[in-house]
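The residues making up each chain are set out below.
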Amino acid sequence: MQTSSHSVLVVDDSKINRRKMEKAAQVLGHATIAVENGADALAVLATERIDLVLLDIEMPVLDGFGVLAAMRDDVALVDIPVIVISAIEDMDSVVRAIELGAQDFLPKDFEKVLFAARVGSCLEQKRLMDLRADALAEIEAEKARVDALLGATLPAAAISELKKTNQVRPKRHENVVVLFADVVGFTQFCDLNPPELAVSRLQGLINGFEQITADEGLEKIKTIGDAFMATAGLLQPIQDPVQAAARCALQMVAAAPSLTQGWQVRVGIHVGPVIAGVIGQQQHLYDLWGDTVNTAARVTGVGTPSTVCITGDIHAHLNGRVTALGNVKVKGKAPLDVFQLEGLD
């Protein structure tokens, strides 16, 4: 006698046959549900967990063929094994039933030993199929976790290239708008306040900035301490990247105090060529290099709190209102024409 219990659905319009199959299944240690037609069988299958169906062919209301067809077309039922109960001389019906998805058949006058063997074989197949389904579900869940982790560390276009080629080749990109935003007085705030408070407020700021950049079609590249770096026109096409970055910058400056209970930020924007790629073996980081990146970072510190500073290259392509700050000396570069962005037309 089998020690593991399964749920067996017996479907036969003959009370005598139903009782015979119920007893045979119960002797093997299985729980049974018995119904007299196919419509009732489908109702049970829709509400109960069934491991095996013992199915007659000729029944009123809905015959066995109808049950098999319905189970074949239902993703929740298609893997439940079915043993057809049929007269041995009705082989055409048996063949048709197997073509519709039945796993096996038993004659109406089956022997107990044969019944036990057929039932055990079908339940073992079901167990293996369930194990396979569980394994596939675990693989899909793990794949989703990996995709989520990649999505949190790499831009979508870089992830796509990584999946297709197993690498992200470094590339030179022309006319990329680079935006930097940093918090005014963040270091002093950290020195005077609990770390949990500083990190919590910074997290709120970064979350808000991520939403603003996504809404404007920019791509967040990374955070460096309290600095936030994003690009427009790097890996995904965007209409008028200069204008989009300017809108993004103005929104960041306006939103920062409410996101952080009073913090202010400065934003700098520059446009030009960059080299982009992935570095690191243990922790991948998508990064940018080049004079354009350095210039955007340096320009960020030129303005006063809650301002957006742009270079002359940005101003030349921007439809907006500005205040000229003059020819400004920035670290590591010749003097630059820098403008404070007041608004967009």
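Just above sits the structure.
Residues numbered from 1 in each chain as written. Predicted model: local features only at pLDDT ≥ 70, side-chain atom pairs only at ≥ 80, totals over all residues. Heavy atoms only, no water.

## Observations concerning the environment of Met 129
No. 1: Within the fold, Met 129 resides in helix 5 (residues 112-153).
No. 2: In this structure, the C-alpha to C-alpha distance between Met 129 and Ile 80, residues 49 residues apart in sequence, is 9.5 Å. (Helix = DSSP H or I, 4+ residues; strand = E, 2+ residues; numbered from the N terminus.)

## Some words on the nonpolar core
No. 1: Counting 38 residues, the largest nonpolar core has Leu 218, Met 252, Val 267 and Ile 269 as its most contacted members.
No. 2: For this core, the elements supplying multiple residues, two or more each, are strand 6 (171-183), helix 7 (186-192), helix 8 (195-216), strand 8 (227-232), helix 9 (241-260), strand 9 (265-279), strand 11 (307-311) and strand 13 (336-344).
No. 3: Counting residues per element, this core draws most heavily on helix 9, which supplies 10 residues.
No. 4: The contacts of Met 252, once residues within four sequence positions are left out, are Leu 179, Ala 181, Phe 209, Ile 212, Thr 213, Phe 228, Val 265 and Val 267. (Core = buried A, V, L, I, M, F, W, Y, C linked by side-chain atoms within 4.5 Å. Buried < 20%, exposed > 50% of the residue type's maximum accessible area, 1.4 Å probe, protein only. Contact = heavy atoms within 4.5 Å.)

## Quick look at the packing of aromatic side chains
Working definition: an aromatic ring pair is given by the centre-to-centre distance plus the angle between the planes.
No. 1: One pass over the structure, following the stated rule, counts four aromatic pairs.
No. 2: Relative to Phe 115, the ring of Phe 110 lies with its centre 4.8 Å away and its plane at 25 degrees, an arrangement referred to as stacked.
No. 3: Taking the centre distance of 5.6 Å and the plane angle of 85 degrees together, the rings of Phe 186 and Trp 263 count as edge-to-face. Placement of Phe 186 in helix 7 and of Trp 263 in the loop between helix 9 and strand 9 is noted, with a sequence separation of 77 residues between them.
No. 4: Put simply, the rings of Phe 186, Phe 189 and Trp 263 touch in pairs and so form one group of aromatic residues.
No. 5: Just above the ring of Phe 110 sits the side chain of Lys 20; from NZ or CZ to the centre is 4.4 Å.
No. 6: Positioned above the aromatic ring of Phe 65, the side-chain terminus of Arg 96 is 3.9 Å from the ring centre. (Phe/Tyr/Trp six-rings, centres within 6.5 Å; stacked < 30°, edge-to-face > 60°. Lys NZ or Arg CZ within 6 Å of the ring centre and 35° of its normal.)

## Topic: a negative patch on the surface
No. 1: Taken together, the side chains of Asp 13, Glu 36, Asp 40, Glu 58 and Asp 63 present a region of like negative charge at the surface.
No. 2: Mapped onto the elements of the fold, Asp 13 is located in the loop between strand 1 (7-11) and helix 1 (15-27). (Patch = residues over 30% accessible without salt bridge, like charges linked within 9 Å, V, L, I, M, F, W, Y side chains within 5 Å. Areas by Shrake-Rupley, 256 points an atom, 1.4 Å probe, with all protein chains shown as cover. Salt bridge = Lys/Arg side-chain N within 4 Å of Asp/Glu carboxyl O. Lys, Arg positive; Asp, Glu negative; His and termini not counted. Charge placed at Lys NZ, Arg CZ, Asp CG, Glu CD.)

## Remarks on the side chain of Arg 18
No. 1: By the secondary structure assignment, Arg 18 is in helix 1.
No. 2: Buried charge without a salt bridge: Arg 18, with Glu 36 as the nearest opposite-charge side chain at an N-O distance of 4.2 Å.
No. 3: The residues contacting Arg 18, other than those within four sequence positions of it, are Val 10, Asp 12, Asp 13, Ala 34, Val 35 and Glu 36.

## Quick notes on a nonpolar patch on the surface
No. 1: Taken together, Ile 275, Ile 279, Leu 285 and Trp 289 make up a surface patch of nonpolar side chains, about 310 Å² in accessible area.
No. 2: Put simply, the parts of the chain that give the nonpolar patch at least two residues each are strand 9 and strand 10 (285-289).
No. 3: The class for Ile 279 is partly exposed, based on a relative accessible area of 38%.

## With respect to the pattern of salt bridges
No. 1: Under the counting rule described, the total for this entry stands at 15 salt bridges.
No. 2: Put simply, Asp 12 and Lys 108 hold a salt bridge, and the shortest N to O gap is 3.4 Å. Of this pair, Asp 12 sits in the loop between strand 1 and helix 1 while Lys 108 sits in the loop between strand 5 (104-107) and helix 5; the two residues are 96 residues apart in sequence, bridging distant segments of the chain.
No. 3: In this structure Asp 12 comes out as buried when scored by relative accessible area, which is 0%.

## Considerations on the sheet that holds strand 3 (residues 52-56)
Picture the strands of a sheet paired through backbone hydrogen bonds; they go either parallel or antiparallel.
No. 1: The parallel open sheet is built from five strands, whose spatial order is 2-1-3-4-5. Edge positions in the sheet fall to strand 2 (31-35) and strand 5, since each of these pairs with one other strand and no more. Direction aside, neighbouring strands of the sheet carry axes that sit 20 degrees apart on average.
No. 2: Relative to strand 4 (residues 82-86), strand 3 runs parallel, the two sharing four bridges. Looking at the pairing, Asp 56 lines up with Ile 85 of strand 4.
No. 3: Here helix 2 (residues 38-47) sits on the sheet in contact with strand 1, strand 2 and strand 3, set at roughly 160 degrees to strand 1. (Pairing = 2+ DSSP bridges. Axes fitted to C-alpha atoms, helices over the stretch in contact; angles between N-to-C directions.)

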